Each structure stands twice: as structure tokens, then as C-alpha cells.
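# Close look at the chain arrangement
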Amino acid sequence: MNNGEDIFNENEGLLEKGFSNELPDIVDDTTVKKNRLSVVKKVRLLTAAIIILLVAILLFVYGSSLNYDNIRRFFVKVSYNFNTEIAPSGSFEFDESDNMRYVGYKNGVAVLSGGTLSVFDDRGYLLSSKSAVYKTPMLTTSGKYLISYDLGGTSLSVHNSFDTVFNYTSDMPITYASMGKGNHLAVCSYAEDHKNKITVFDTTFSPIFTVYRYDRYVTAAETSPDNKMLAVAAVYPSGAEMYGEIILYRYGESESYATCKLSEEYPHTVFYKKDGTLCAITEKSVFFIDKSGTVLSKYSFDGKDICCIANDLRYTAIAVTTAGVGSAEITVFDSNGNVTATQKGDIPTEMTFGNNCLWALYENGYSSYDLKSGEKKTYPITERKAILFGKNSVILLTDGHGEIIVKE
């Protein structure tokens, strides 16, 4: 018994030296995990919300034209907002050359000059600059892509805002190239044992359709917006006379399904309108032609010289002048060839459509003509060679320099 009491006394002494007979508080590990999960969940929700917001902004800005190139342009634009020293907002520089080519592209501008293709956004920031060396450079656009080629040469390339997506080398010299709004490419060239051939490439840049003409000289060609038809402007000899025509083809058919005779007028330009009608321009007249090859309307300016032409999916404007007269007549047509506006004034050197207005560049200024109200505004400038219109801005170009003027 004494031994038992001794052990008890020893244990009691241990408690007195620092051990407690009270139970410690128990930490709930489940609560800690819940708190951690809550933080992770909030981060995930925030990330998802940012992604949804960015997608909503992209859809709002680009709508049905949302694609990889436009997404890339968007994020480059965001990065420029945080680095204002990259380029001066509202102005930009490019290589100077006597054979500068330019097109409005995605509310900005693309300039082919001095063997370099430069792409600028709607604030003048340089998006890309790539080599594009041609003896006789040409530049056009479908809206989605840029097409550069060597007129009379054999080289052609297709570009987006940043990269070259397709290179083509023709067997014979290229005489014309265009890309319709459906992004099918038509390339006209000379051909062995024929006067010309037209090769059509689909959206993957695979050749899908070829037309050969042994009896016609092809001056222009364009694919329809729905990528089902090809319109060809041609001139053919008959005895001592030359005649012009617009020839219509369905994809996959070697024979044309319709021909529109233009008599002794030679078409040098043909383009599709939004509703599938065609506008063909000769040295004497402008024709509007339906899908069956029937002339809807014709406007003649025989005896006058064409100063410049503006065209988009809805409207066509032609400025003509008489030799020795210091004024011009501008006529605006809708897609069916109906005259929607006319005006007389100074001779324009360039015209373009934008923001429901016809914009014209003159020697000492530029003007806007509202196609709905008929209101005309003039703006003074000097030493400008080209005018384009972005979403809400006028883009003016001269040798090696561009300026963007925002319009409210």
C-alpha cells in the first residue's frame, strides 16, 4: 500500500510541475478547409467573371466577325493602353515610295510602300510590318484578309493583321486578283494556249475552280458573297472591233450560265454588291447587273473623264469631269443602280464611304456628304494624297505619314 501511495504522490507532483488535468481546446480542421475552399472558389468565380466580360466585349466589338486575328488585335490594343510610348496616338509613319498602295482595313489602314506591308489599327498603332517586295505592287482586301501581289509578276500573298497566311506563285504573269466578301480568292493570269485563266481558291486557300478563256482578254474577276458564283469582266475581238461583256459562272461549271453584252465598251472593274447584284464600270458607263446577267440600269458619262470611284456593299460613287473644266459631277448609286444623290463642285482626287457619308479629298481640304440628310461639311487640310474612313475616324495619308482624325 505504501508503494501505491508513493506512485500516486509522484504523479500528483508531476501535475503540480506543469501538467494540467484540463482538456485542451480542439481546433476544427473542417472549418479551416472550408475557409480555404471559399477563397479558391472566389478566385475561380472572379476569373470566370473576367473571362465572361472579355468574351462579351469581344462579341460586342466584333460580333459575327469574331476570329483569332480579331481576338489578337483586341489584346494588342489592351496592351497599348498600358504603354502609351509605343506609338503616338493619332499619327503614324511608314516607308516612303512613289508606288504606295493602301486600303482601309478593320477600321485602320494597311500600307504597302517601299517593299514593306505595314498594318495600323484605328489609333495609328503599328500591329505588324512585313516584307512585301514587288516590281509593280498591288494591294486589296476582303475585309478579313489583305491580298498583295505583283501585277505582271508571279507572286501573291494573303495576310491577316499579323502574319502571312498564304503564298502563291503563278506559272504565268498575274493580271488581276481579288477576294470577295466570302473570302474566296480569284487570281487572273495569262495561260499557255489561252489568253487568260482564272483560278478560284476557297477559305482554306485550296484551288477549287478554274476557268480558261482562249477567246477573251480578262480584265477583272470577283467571287460572289455567297461563294457560289464568279463574275468575269472581259474584252473580246470580233473582226476589227472590240467588245466588252460580263460573264457569269457557277462554281464547278466550265461553261458560263449567263453573259451580259456591253457592246463596244470595255469593263475594267467589276464588283458584287451585298444583295448579289453586280456593278461593272467601263470607260464610258456604269452598269448594274442582276444575277441572271440582265442590266438593271445604266448611267453613261461618255465624253467625260472619271476622276475617282468609291464603292462599298451598299453604294457606288463616281466622280467625272470634262477636260478644261475645273469642276466635277459626283453621282451616288444604290446597289440596284438607282441614283440616290448628286452634287457638283471641285474635282476630288479620292473618295470613300464611311459612317453613312461619302467622303471626298480635294487639293486643299476634304468633305463629308451625308447620304441621308444631304448635309455637306468641309474641312481644310493641305498636302494629302489619300483618304480612308475607319469606324468613327477619317484617315489621311501622304508620303510616309498618316493622320487619324476622330469624328463624333
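What comes next concerns the included structure. Note that the structure is a prediction, hence the values are computed from the model and not measured. (Residues numbered from 1 in each chain as written. Predicted model: local features only at pLDDT ≥ 70, side-chain atom pairs only at ≥ 80, totals over all residues. Heavy atoms only, no water.)

Secondary structure summary: the protein contains three helices and 32 strands in total. Across the 408 residues in the protein, those meeting the buried criterion constitute 45%. Taking as baseline every contact in the protein between residues at least 6 positions apart, the subset at least 24 positions apart corresponds to 38%. Surface exposure of the protein reaches about 21700 Å², of which carbon and sulfur atoms provide 52%. (Helix = DSSP H or I, 4+ residues; strand = E, 2+ residues; numbered from the N terminus. Buried < 20%, exposed > 50% of the residue type's maximum accessible area, 1.4 Å probe, protein only. Contact = heavy atoms within 4.5 Å. Areas by Shrake-Rupley, 256 points an atom, 1.4 Å probe, with all protein chains shown as cover.)

We now examine the pairing of strand β10 (residues 174-179). Counting buried positions over the six residues of β10 gives six, a clear majority of the element. Where β10 meets strand β11 (residues 185-191), five bridges bridge the pair, whose relative direction is antiparallel. Bridged to Ile 174 within β11 is Ser 189. In this structure, the hairpin formed by β10 and β11 is closed by a connection of five residues, where Asn 183 is found at a positive phi of approximately 65°. (Pairing = 2+ DSSP bridges.)

Now for the packing of aromatic side chains. Going through the model one piece at a time under the given rule, you end up with 18 aromatic pairs. When the ring of Phe 92 is compared with that of Phe 94, the centres are 6.3 Å apart and the planes differ by 40°; the resulting orientation is tilted. Residue Phe 92 is classed as buried on the basis of its relative accessible area of 3%. Judged by centre distance (5.6 Å) and plane angle (55°), the rings of Phe 166 and Phe 201 are tilted. One end of the pair, Phe 166, is in strand β9 (residues 164-169); the other, Phe 201, is in strand β12 (residues 194-201), with 35 residues separating them in the sequence. (Phe/Tyr/Trp six-rings, centres within 6.5 Å; stacked < 30°, edge-to-face > 60°.)

The sheet built from four strands is open, its strands ordered β14-β15-β16-β17 with antiparallel pairing. Lying at the two open borders of the sheet, with one neighbouring strand each, are β14 (217-223) and β17 (258-261). If you compare each strand with its neighbour and ignore which way they point, the axes differ by 20° on average. (Axes fitted to C-alpha atoms, helices over the stretch in contact; angles between N-to-C directions.)

Next up on the list: the sheet that holds strand β21 (residues 295-300). If you trace the four strands from one edge of the open sheet to the other, you get β18-β19-β20-β21, paired in antiparallel fashion. With one partner strand each, in any of the chains shown, β18 (269-272) and β21 form the two edges of the open sheet. Between one strand axis and the next, the sheet turns by 15° as a mean value, whatever way the strands run. For β18 and strand β19 (residues 278-281), the ladder comprises four bridges, and the chain directions are antiparallel. Residue pairing in the sheet places Tyr 272 in a bridge with Leu 278 of β19.

Another point: the environment of Tyr 315. Examined against the element boundaries, Tyr 315 turns out to sit in the loop between β22 (305-311) and β23 (316-321). Residue Tyr 315 is classed as buried on the basis of its relative accessible area, which comes to 16%. Spatially, the C-alpha atom of Tyr 315 lies 9.6 Å from that of Lys 274, the residues being 41 residues apart in sequence. Tyr 315 has contacts with Lys 273, Ala 310, Val 332, Phe 333, Asp 334, Thr 340, Phe 353, Asn 356 and Leu 371, leaving out every residue within four places of it along the chain.

Attention now moves to the side chain of Ser 142. With respect to the secondary-structure elements, Ser 142 resides in the loop between β6 (137-141) and β7 (146-150). Using a relative accessible area of 5% as the deciding quantity, one classes Ser 142 as buried. The contacts of Ser 142, once residues within four sequence positions are left out, are Ile 147, Met 179, Gly 180, Lys 181 and Asn 183.

Counted according to the given criterion, the structure contains ten salt bridges. We note a salt bridge from Arg 213 to Asp 215, for which the minimum N-O separation is 3.1 Å. A relative accessible area of 14% means that Arg 213 is categorised as buried. Asp 215 gets classed as partly exposed once you look at its relative accessible area, which sits at 22%. (Salt bridge = Lys/Arg side-chain N within 4 Å of Asp/Glu carboxyl O.)

Before going further, it helps to examine the layout of surface pockets. Reported here for the second largest pocket is a volume of approximately 180 Å³. Forming the boundary of the second largest pocket are eleven residues, of which Cys 357, Trp 359, Ser 368, Lys 377 and Tyr 379 lie nearest the centre. Every element with two or more residues in the lining of the second largest pocket is listed here: β27 (357-361), β28 (365-370) and β29 (376-380). Sort the elements by how many residues they give to the lining of the second largest pocket and β28 lands first, with three residues. Per-class residue counts for the lining of the second largest pocket are four nonpolar, two polar and five charged. (1 Å grid on protein atoms, 1.4 Å probe; cavity = no way out; pocket = protein on both sides within 12 Å on 5 of 7 lines; lining within 4 Å. Points joined across faces, edges and corners; volume = space filled by probe spheres on them. Nonpolar A, V, L, I, M, F, W, Y, C, P; charged D, E, K, R; others polar.)

Turning next to the environment of Asp 98. One can find Asp 98 in the loop between β1 (91-93) and β2 (101-105). Judged by relative accessible area, Asp 98 falls into the exposed class, the value being 88%. Note: C-alpha distance between Asp 98 and Ser 113 (15 residues apart in sequence) is 8.1 Å.

To continue, consider unusual backbone geometry. Even without glycine at this site, Asn 107 takes up a positive phi of about 70°. Tracing the backbone shows Asn 107 in the loop between β2 and β3 (108-113).

Here the focus is the side chain of Ser 128. On the secondary structure map, Ser 128 appears in strand β5 (residues 126-131). Within the local environment of Ser 128, its side chain forms a polar contact with the side chain of Lys 130, the two groups lying 3.2 Å apart. Of note is the side chain of Ser 128, whose polar atom sits 2.5 Å from the backbone oxygen of Ser 161. Setting aside anything within four residues of it in sequence, one finds Ser 128 in contact with Leu 117, Ser 118, Val 119, Ser 161 and Phe 162. (Polar contact = N/O pair within 3.5 Å; in protein donor to acceptor, adjacent residues only side chain to side chain.)

These figures come from the coordinates and say nothing about function on their own.
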